[in-house]
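Each chain, letter by letter, is given below.
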Amino acid sequence: MVCRPIAKKTAAQYGGTADDVANEEKRLADKFAVFRRLVPLVSQNEDVIFLNAASAPPSNLIIHEAITRYSSDALYEPRPYTKWQETKEEARRLVARCINAEAPETVAFTRDTTEGLGSFIRSVTFEKGDNVVIIDTEHPNMAYGWLALRDAGLEVRQVPTIAGAETTGRIDAIAAETLRPYVDDRTRAIGISSISFDSGQRNDVAGICAAFRPRGIHVLADMTQQVGFTPVDIQALGISAGAFSLHKGLNCPTGIGALYISPKAFAELDDPMPPIVSMAAVENIKEDLLVRGDEPVDFYPDARRFEHANMSLVGVVAAEAFTRFYLDALGPADVEAHLYNLTGMLGKECERLGIPVVGPRERSRRAPHICVLGLNSEGWGAHLRGSGNTRVTVNRLGVRVSFGFYSSVEDVRRLVKILELGAAKGLLL
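Predicted, not measured: the structure shown is a model, and the values here were computed from it.

Considering the pairing of strand E13 (residues 398-402)
On a regular strand, one side chain projects to one face of the sheet and the next to the other, so that they alternate.
Now for step 1: With five of five residues buried, E13 is to be regarded as a mostly interior element.
Now for step 2: Across four bridges, strand E10 (residues 370-373) lies against E13 in antiparallel orientation. Bridge assignment links Leu 373 to a residue of E13, and that residue is Val 399.
Now for step 3: Taking the residues between adjacent antiparallel strands as the criterion, strand E12 (residues 393-395) and E13 are bridged by two residues.

A short note on the side chain of Glu 320
Now for step 1: Mapped onto the secondary structure, Glu 320 falls in helix H13 (residues 313-330).
Now for step 2: Relative accessible area serves as the criterion here: at 12%, Glu 320 is assigned to the buried category.
Now for step 3: Setting aside residues no more than four positions away along its own chain, Glu 320 makes contact with Arg 69, Thr 87, Glu 90, Ala 91 and Leu 94.

Some details on the packing of aromatic side chains
Now for step 1: Summed over the entire model, instances satisfying the criterion amount to eight aromatic pairs.
Now for step 2: Judged by centre distance (6.5 Å) and plane angle (70°), the ring pair of Phe 50 and Tyr 406 falls under edge-to-face. One end of the pair, Phe 50, is in strand E1 (residues 48-50); the other, Tyr 406, is in the loop between E13 and helix H16 (409-424), and 356 residues separate them in sequence. The same class applies to Phe 50 as to Tyr 406, namely buried.
Now for step 3: The interplanar angle of 25° and the centroid separation of 4.3 Å between the aromatic rings of Tyr 70 and Trp 84 together place this pair among those described as stacked. Linking Tyr 70 in helix H4 (residues 61-76) with Trp 84 in helix H5 (residues 80-99), this pair joins segments that are 14 residues apart in sequence.

Regarding a nonpolar patch on the surface
Now for step 1: On the surface, a nonpolar cluster with roughly 280 Å² of combined accessible area is contributed by Met 279, Ile 285 and Leu 289.
Now for step 2: With respect to the element layout, Ile 285 can be found in the loop between helix H12 (263-269) and H13.
Now for step 3: According to the relative accessible area criterion, Ile 285 is partly exposed, its value standing at 37%.

With respect to the environment of Ser 312
Now for step 1: Within the fold, Ser 312 resides in the loop between H12 and H13.
Now for step 2: Exposure remark for Ser 312: the relative accessible area of 22% places this residue in the partly exposed category.
Now for step 3: C-alpha of Ser 312 to C-alpha of Val 107: the two residues are 205 residues apart in sequence and 16 Å apart in space.
Now for step 4: Once residues within four sequence positions are removed from consideration, Ser 312 is found in contact with Gly 255 and Ile 256.
Now for step 5: A polar side-chain atom of Ser 312 sits 3.0 Å from the main-chain amide nitrogen of Gly 315.

Cut-offs used in this document
- Residues numbered from 1 in each chain as written.
- Predicted model: local features only at pLDDT ≥ 70, side-chain atom pairs only at ≥ 80, totals over all residues.
- Heavy atoms only, no water.
- Buried < 20%, exposed > 50% of the residue type's maximum accessible area, 1.4 Å probe, protein only.
- Helix = DSSP H or I, 4+ residues; strand = E, 2+ residues; numbered from the N terminus.
- Pairing = 2+ DSSP bridges.
- Contact = heavy atoms within 4.5 Å.
- Phe/Tyr/Trp six-rings, centres within 6.5 Å; stacked < 30°, edge-to-face > 60°.
- Patch = residues over 30% accessible without salt bridge, like charges linked within 9 Å, V, L, I, M, F, W, Y side chains within 5 Å.
- Areas by Shrake-Rupley, 256 points an atom, 1.4 Å probe, with all protein chains shown as cover.
- Salt bridge = Lys/Arg side-chain N within 4 Å of Asp/Glu carboxyl O.
- Polar contact = N/O pair within 3.5 Å; in protein donor to acceptor, adjacent residues only side chain to side chain.

Here it is, written out as structure tokens:
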């Protein structure tokens, strides 16, 4: 089967003339072709098609240089810890800027998304018979965090969405109206991913917050598939708290994440006790590190009380370097536009091939970087694994393709060729 030219978006879709569209596509393609060189796995290996950024991207030279600098400091600096602590605070400022937080102190560094979610979950007070609301396809780390509290009397209400999607053949974004029948006067919190990890739908978190936060219901968002892939205005979303790992969109090594808690939500939590108390959480710790039992323990009056002293400092150094690069060189808006171009192109080509795309097609309701192909997992998974070094994720919905800043139109073309070969072999959808 011959690979046809990649389908282009129309000028109307971009809100400009055909020339405007072409010029913008070329600007983005040229810009990210340069940055692709920072990722040797894809820039130096023509046989590698890495389409798995939603799991973990390949590393890059920005991160490599940061880790090398960290290692050098550990080898040659007599007091590197002081420098790393300064870098940690700069990383905090940059992450806060990345999500448009009210202040750096609203951000705590965690080990990962799970620790961030769990820290907030364990801070929400409830009485026996109170409830929280999540959807039935929520990420396990969110779901299990709440389900672990059932024995203490918390009811966990899972909003059914799977059956409806199977009936209609369409997975849609979650909105306030989806949740409303399950929310009542005893609902303490709603847990929701801003972007779903498996289907890539972009849930209406701002609408959910507008509907339920005025009622005193907390909204906890898993933002791992959003931060670093698309601009974030966490204040505009209106969430109580958001947790995210830095090893996906922000390309850091595993072992570093962040927890944001809004000042308003923190006040509503009424002086929450961290589930695990570290000396890093205590504002009035003495320089001699002697703890006197007859003195009060003053925790930081913000998210920092959930932080641990022995966090991944190499992760913090990487976070400072890449978050600065993301904000000042890549540009969040350009990253998002570049990723939307790639998933849009792939969607058009799948339409031509008769391959269904799972999830919403409208940009406002889908992730910029994720495109799930409704293919038979068993047959197509083997085909893709056998077609050179093609990295995707095979999940319950089909084949999840996910792009990063380093991805290119040529990656899409090469994947389309592989899909055409599979179709020619008669693989079932």
